[in-house]
Amino acid sequence: MSTAPSERIAELRDLIRKHDYHYYVEDDPQLPDQAYDALMRELRELESLHPELITSESPTQRVSGTPLSAFSPAEHVVPMLSLDNAFSEDDMEGFVRRCRDRLKLPATADIEFMAEPKLDGIAISLLYENGKLSRAATRGDGQTGENITANARTIGAIPLQLTGEGIPERLEVRGEVVMAKASFEAFNERARAKDEKPFVNPRNAAAGSLRQLDARVTAKRSLDCYCYSIGLLEGQDWPETHEEALEALKCWGFRVNPEIRKVSGLSGMSEYYEHMLIRRDGLDYDIDGLVFKINRRDWQETLGFVARAPRWAIAHKFPAQEALTVVENIEFQVGRTGAVTPVAKLKPVFVGGVTVSNATLHNMDEIDRLDVRIGDSVMVRRAGDVIPQVVKVITESRPADAKKPEMPTQCPVCQAAIEREEGQAVARCSGGISCAAQRKEALKHFVSRKAMDIDGLGDKLIDQLVDRNWVKSPAELFGLEAPALALLERMGKKSSEKLVQAIQNAKTTTLARFIYALGIREVGEATAKGLAGYFGSLAAVREATLEQLQEVPDVGGVVAGHVETFFKQVHNIEVVDALISVGVVWPESSPSSDGEGTEQDLPLDGLTVVLTGSLEAMSRDVAGAHLESLGAKVAGSVSKKTAWVVAGPGAGSKLAKAESLGVDVYDEAWLLALLERYGISA
Ligand code: I6G
């Protein structure tokens with residue numbers, strides 16, 4: 001007996017919601033993208049045959065096709081308050097003391113707090129009635145926001161229908177909508193390539209994307225949402241602690257930040273602060289501080305509110321990522337592809353925890369767009385490991401003698417002519433590999449952390465190697481010997497030997513790193529990963545046609561053109577072949593482009609592995625790529641679904657979690673033996 005369409009539709013919706021839960025809430029996807037897409041496709045097809053069965057909570061109904069003419073006001077059921085800020089340890093001490101005094105606790109009592117990152121995004125209120133998302137609103141003035149339901153519905157991390165047990169009659173949830181740093185960078189890169197205005201920071205990008213009148217535009221902007229509290233709960237009792245409230249949110253299908261911890265007393269709070277300050281740059285999203293909330297709800301009630309802020313919570317702010325300074329000069333630097341980039345030389349300023357004295361201005365169009373001049377006061381932004389940017393000129397403070405910069409006509413390094421193609425924003429030095437600046441930059445990129453990751457080969461060393469003409473192309477790095485290196489400035493016997501070892505270790509890499517290291521125009525880390533994953537081997541990438549290249553997610557005509565052109569140029573092929581002949585290797589896999597590729601039975605298919613601690617024979621990246629080539633999924637965190645954890649020296653919380661969950665833990669020797677069994681040696 002065949003299943004009735006209504007039953008299959010219900011089954012598919014449940015399955016999709018279950019997989020959304022694994023993906024968004026547990027950060028542990030249980031299905032390859034293609035299989036998830038197949039479920040969505042089947043649901044869409046069935047719904048198109050039976051439109052009477054479509055409901056607004058169906059996962060197919062996230063994007064509405066009718067643009068609004070304006071956002072309507074949305075009055076909050078419970079006002080959205082703000083938080084008091086702390087900027088120092090002293091401020092934090094004062095906060096804890098006040099809590100303790102008002103709760104009449106002894107001076108020795110350590111209060112339990114939930115500690116959370118404060119995401120730098122857009123606050124959102126989500127109202128659910130009988131489990132269905134009925135309204136989404138921005139914070140506005142805290143009393144009334146804007147109704148942005150159609151746009152919020154397009155965000156995958158926002159459930160349209162709650163899951164799990166004990167769904168409340170009415171529930172209002174607060175969270176923060178953010179744009180991931182990588183999506184923001186990719187968006188701005190595309191905007192600049194099209195001569196469109198980039199966003200100043202991920203927060204503005206999230207705000208701009210959430211305030212689109214056409215939800216189809218929002219849907220394309222990869223927004224994310226993390227929920228952090230309950231504003232209204234009707235039809236059941238409030239959880240007794242904030243920790244339990246967060247657990248309930250997860251059960252109902254909300255993404256809750258995995259960095260949240262329970263801490264005790266001031267010492268626990270400052271340990272978390274130090275820990276997150278280090279983690280900050282490595283997170284996917286911007287955070288501007290931490291929020292500490294008293295865990296017990298009865299204590300929260302006792303403390304209550306003052307002037308629109310709870311007395312039981314505080315935001316401990318991080319150093320700002322934006323600051324004002326002055327442009328002292330504008331210089332022109334030549335990059336690895338010959339692009340001549342104007343760089344603002346700044347009066348040194350402390351931003352986001354470091355002193356910044358240079359900021360990129362990208363190209364002359366960007367200089368015109370910002371209208372930046374030498375002598376101007378500017379706002380600079382530094383986030384993560386991204387090059388500091390000038391985001392805004394304070395034109396009101398412009399001095400009378402502020403000078404407009406001009407693009408030089410000759411390369412400042414090799415004196416070759418600087419050319420700018422018709423319609424292109426970027427000007428280029430025409431010197432090619434005869435330009436020492438281009439050679440240096442290509443090598444710096446080649447050895448960088450996300451490329452071949454050669455530890456100890458810094459910019460100053462590369463400058464010397466190129467200036468002495470010891471290294472003319474990347475393959476020559478692998479022929480360097482310790483006694484010669486020891487002659488260079490700031491190098492001794494020990495450091496030279498260590499460097500030679502690091503260079504030799506880097507010979508074993510991954511295909512994605514290798515492609516990225518080649519420095520193909522507009523092929524960043526994500527595109528390189530996409531190409532490696534899609535084609536599986538360098539030969540396949542080299543032979544791919546323009547059409548095939550464009551089948552890789554996020555590869556458009558321009559990037560495909562750069563890849564194709566790169567592999568057509570004889571000197572590039574010589575560089576690649578020379579690298580392979582000096583022994584650069586990587587594991588190759590079957591292409592995921594092959595429709596049957598994903599169906600193939602690979603030996604570790606379906607197994608999730610976590611690598612933690614340090615490995616000696618190969619980097620974790622390389623080990624991960626080997627495991628993936630055998631079909632395993634390599635995850636970043638340990639869960640019940642993890643099959644094996646491979647732990648090296650220095651393994652910490654992941655090892656502890658594996659042990660507490662009873663997940664099998666192995667050492668590097670075991671991993672090497674496993675790989676050996678499938679013909680992979682270190
Ligand atoms: O603005 C906020 C950001 C993050 C918050 C907040 C938060 O918790 C992680 N929590 C509260 C209680 C309030 N504002 C009022």
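Calculation rules
In this numbering scheme, every chain counts its residues from 1 along its sequence in written order. The predicted nature of this model means local features are confined to residues of pLDDT at least 70 and side-chain atom pairs, given and counted, to a pLDDT of 80 or more, with totals for whole chains, interfaces and linings taken over all residues. Based on all heavy atoms of the structure, the side-chain values leave hydrogens and waters out of the count. Note on geometry: axes are C-alpha line fits, over the in-contact stretch for helices, and angles between N-to-C directions span 0 to 180 degrees. Working definition: helices are DSSP H or I runs of at least four residues, strands are E runs of at least two. Numbering for both runs from the N terminus. Oblique is the label for every angle not falling under 35 degrees (roughly parallel), over 145 degrees (roughly antiparallel), or within 65 to 115 degrees (roughly perpendicular). Handedness of a crossing follows from how the near helix is turned relative to the far one, being left-handed for an anticlockwise turn of less than a right angle and right-handed for a clockwise one. Between two residues, a contact is recorded if the distance between any of their heavy atoms is within 4.5 Å. When residue character is reported, Ala, Val, Leu, Ile, Met, Phe, Trp, Tyr, Cys and Pro are called nonpolar, Asp, Glu, Lys and Arg charged, and the others, Gly included, polar. Put simply, two rings from Phe, Tyr or Trp (the six-membered ring, in Trp's case) pair if the centres are within 6.5 Å, and we call them stacked under 30 degrees between planes, edge-to-face over 60, tilted for the rest. Two strands qualify as a pair provided that DSSP identifies no fewer than 2 bridges between them. Exposure is judged per residue with a 1.4 Å probe applied to protein chains only, and the accessible area is read against the type maximum: over 50% gives exposed, under 20% gives buried, and values in between give partly exposed. Salt bridge criterion: a side-chain nitrogen from Lys or Arg within 4 Å of a carboxyl oxygen from Asp or Glu. Any residue with a non-hydrogen atom lying within 4 Å of a molecule or strand is treated as near it. As used in this structure description, the phrase polar contact means that two N or O atoms lie within 3.5 Å; if the pair is within protein, one of them must be able to donate a hydrogen and the other to accept it, and residues adjacent in sequence are counted only when both atoms belong to side chains. A 1.4 Å probe and the Shrake-Rupley method give the accessible areas. Residues count as covered only by the protein chains that appear here. Only buried residues count toward a nonpolar core. Its members are Ala, Val, Leu, Ile, Met, Phe, Trp, Tyr and Cys residues joined through side-chain atoms within 4.5 Å. To estimate the expected span of a helix, count its residues, drop one, and scale the result by 1.5 Å. As used here, the arc is the angular range of directions from the helix axis to the C-beta atoms.

Student: Would you take a moment to explain the packing of helix α1 (residues 5–25) against helix α2 (residues 33–49) for this structure?
Tutor: Angle between the axes and distance between the axes: these two values describe a pair of packed helices. At their nearest, the axes of α1 and α2 sit 10 Å apart, and the two run at 150° to each other. Judged by the angle between their axes, α1 and α2 are roughly antiparallel. Of the two elements, α1 crosses α2, and the hand of that crossing is left-handed. Residues Pro 5, Arg 8, Ile 9, Leu 12, Arg 13, Leu 15, Ile 16, His 19 and Asp 20 of α1 form the contact with α2, whose own contacting residues are Tyr 36, Leu 39, Met 40, Glu 42, Leu 43, Leu 46 and Glu 47. Across the contact of α1 with α2, the residue classes break down as ten nonpolar, one polar and five charged.

Student: Got a minute to help me understand the packing of aromatic side chains in this structure?
Tutor: Two descriptors summarise a pair of aromatic rings, namely the distance from one centre to the other and the angle between the planes of the rings. Applying the stated criterion across every chain yields a total of 15 aromatic pairs. Ring geometry for Tyr 272 versus Phe 292: centroids 6.2 Å apart, planes at 80°, classification edge-to-face. One end of the pair, Tyr 272, is in helix α9 (residues 265–279); the other, Phe 292, is in strand β10 (residues 287–294), with 20 residues separating them in the sequence. The interplanar angle of 85° and the centroid separation of 6.4 Å between the aromatic rings of Phe 446 and Phe 478 together place this pair among those described as edge-to-face. Taken together, the residues Phe 446 in helix α12 (residues 436–447) and Phe 478 in the loop between α13 (459–467) and α14 (482–485) connect sequence positions 32 residues apart.

Student: Which parts of the structure should I look at to understand the sheet that holds strand β8 (residues 223–234)?
Tutor: Remark on secondary structure: sheet strands pair via backbone hydrogen bonds, oriented parallel or antiparallel. In space, the four strands of this open sheet follow the order β5-β4-β7-β8, with antiparallel pairing throughout. Both edges of this open sheet fall to β5 (132–138) and β8, since each of them pairs with a single strand only. Pairs of neighbouring strands in the sheet enclose a mean axial angle of 25°, with direction left out of account. Sheet analysis places strand β4 (residues 122–129) next to strand β7 (residues 170–179), joined by eight bridges and oriented antiparallel. The partner of Glu 129 across the bridge, within β7, is Arg 170. Lying on the sheet, helix α8 (residues 242–251) is in contact with β7 and β8; it crosses β8 at an angle near 115°.

Student: Could you clarify how one ought to interpret α13 in this entry?
Tutor: Note that an α-helix has 3.6 residues per turn; residues three or four places apart therefore point the same way. Considered for burial, the residues of α13 that qualify are Leu 461, Ile 462, Gln 464, Leu 465 and Val 466. Tucked inside the fold, the buried residues of α13 contact α12, α14 and α15 (493–505). Positive phi shows up at Asn 469, right after α13, with a value of about 65°.

Student: I keep staring at the pattern of salt bridges and nothing clicks. Help me out?
Tutor: Any two side chains of opposite charge can pair if their charged atoms end up close together. All chains considered together, the criterion is met by 39 salt bridges. A salt bridge links Asp 376 to Arg 398, with the shortest nitrogen-to-oxygen separation between them at 2.8 Å. Here Arg 398 lies in the loop between β18 (389–393) and β19 (418–420) and Asp 376 lies in the loop between α11 (364–370) and β17 (377–381), a separation of 22 residues in the sequence. On the basis of relative accessibility, which here comes to 21%, the residue Arg 398 falls in the partly exposed class. Salt bridges sharing partners connect three or more residues here, namely Asp 371, Arg 373, Asp 376 and Arg 398.

Student: Honestly, the site of the ligand in this entry has me stumped. Any pointers?
Tutor: Every residue lining the ligand is accounted for by Leu 81, Ser 82, Leu 83, Glu 116, Tyr 228, Val 291, Lys 293 and Trp 312. Between the ligand and Lys 293, the relevant distance is 2.8 Å, taken from an oxygen atom to a side-chain nitrogen or oxygen of the residue. Relative to its unbound accessible area of 370 Å², the ligand is 86% covered by the protein chains. Across the shell around the ligand, the residue classes tally to five nonpolar, one polar and two charged.

Student: I tried to follow the nonpolar core on my own but got confused; where do I start?
Tutor: Where a protein is soluble and globular, its nonpolar side chains tend to be buried together. Residues Ile 454, Leu 457, Leu 477, Phe 514, Ile 515, Val 563 and Phe 567 are the most contacted members of the largest nonpolar core, which totals 55 residues. The element contributing the most residues to this core is helix α16 (residues 511–517), with six residues. With sequence-adjacent residues up to four places away left out, Phe 567 is seen in contact with Leu 518, Ile 520, Leu 538, Val 541, Arg 542, Ile 573 and Val 576. If you look at the next biggest cluster of nonpolar residues, it comprises 36 residues, including Ile 124, Ile 155, Leu 171 and Cys 227.

Student: Please explain unusual backbone geometry as it appears in this structure.
Tutor: Peptide bonds are mostly trans, and most non-glycine residues show a negative phi. The residue Lys 104 is not glycine, and still its phi comes out positive at about 55°. Take Lys 104: its relative accessible area is 74%, and that puts it in the exposed class. Phi at Asp 371 takes a positive value of approximately 55°, unusual for a residue other than glycine.

Student: Can you help me understand helix α5 (residues 181–193) in this one?
Tutor: Over its 13 residues, α5 extends 18 Å from the first C-alpha to the last, a length consistent with the 18 Å expected when each residue adds 1.5 Å. Buried residues of α5: Lys 181, Ser 183, Phe 184, Phe 187, Asn 188, Ala 191 and Arg 192, and no others. In a view along the axis of α5, the buried residues occupy a sector of 165°, so they form one face of it. Exposed residues lying more than 90 degrees from the buried face of α5 are Ala 182, Glu 189 and Ala 193. Next to the buried residues of α5 lie β7, α6 (202–210), α11 and β18.

Student: How should I be thinking about the sheet that holds strand β21 (residues 608–612) in this particular structure?
Tutor: Taken together, the four strands give an open sheet; going across it, the order is β22-β21-β23-β24, and neighbouring strands pair in parallel fashion. Of all the strands in the sheet, the pair left with one neighbour each is β22 (633–635) and β24 (664–666). With strand direction ignored, the average angle separating the axes of adjacent strands in the sheet is 30°. Here β21 runs beside strand β23 (residues 644–647); their pairing, made up of four bridges, is parallel. Each residue of the ladder has a partner; that of Thr 612, found in β23, is Ala 647.

Student: Sorry, what's going on with the side chain of Thr 60 here?
Tutor: Structurally, Thr 60 can be placed in the loop between α2 and β1 (73–75). Given a relative accessible area of 13%, Thr 60 falls into the buried group. In this structure the side chain of Thr 60 is engaged in a polar contact, spanning 2.5 Å, whose partner is the side chain of Glu 47. In contact with Thr 60, other than residues within four places in its own chain, are Met 40, Leu 43, Arg 44 and Glu 47.

Student: What should I look at first to understand the pairing of β18 in this one?
Tutor: If a strand is regular, its side chains alternate between the two faces of the sheet. Judged by how many residues are buried, β18 sits mostly within the fold: four of five residues are covered. Bridge count between β17 and β18: four bridges; the pairing is antiparallel. The residue bridging Arg 381 from the neighbouring strand is Gln 389, located in β18.

Student: Would you mind showing me how to read the side chain of His 562 here?
Tutor: On the secondary structure map, His 562 appears in helix α20 (residues 557–568). Once residues within four sequence positions are removed from consideration, His 562 is found in contact with Ile 520, Arg 521 and Glu 522.

Student: Is there a simple way to think about the packing of α20 against helix α21 (residues 570–581) in this case?
Tutor: One can describe the packing of α20 onto α21 by two numbers: an axis separation of 5 Å at closest approach and a directional angle of 75°. Classified by the angle their axes make, α20 and α21 are roughly perpendicular. Taking contact as the criterion, the partners of Phe 566, Phe 567 and Lys 568 in α20 are, on α21, Val 570, Asn 572, Ile 573 and Val 576.

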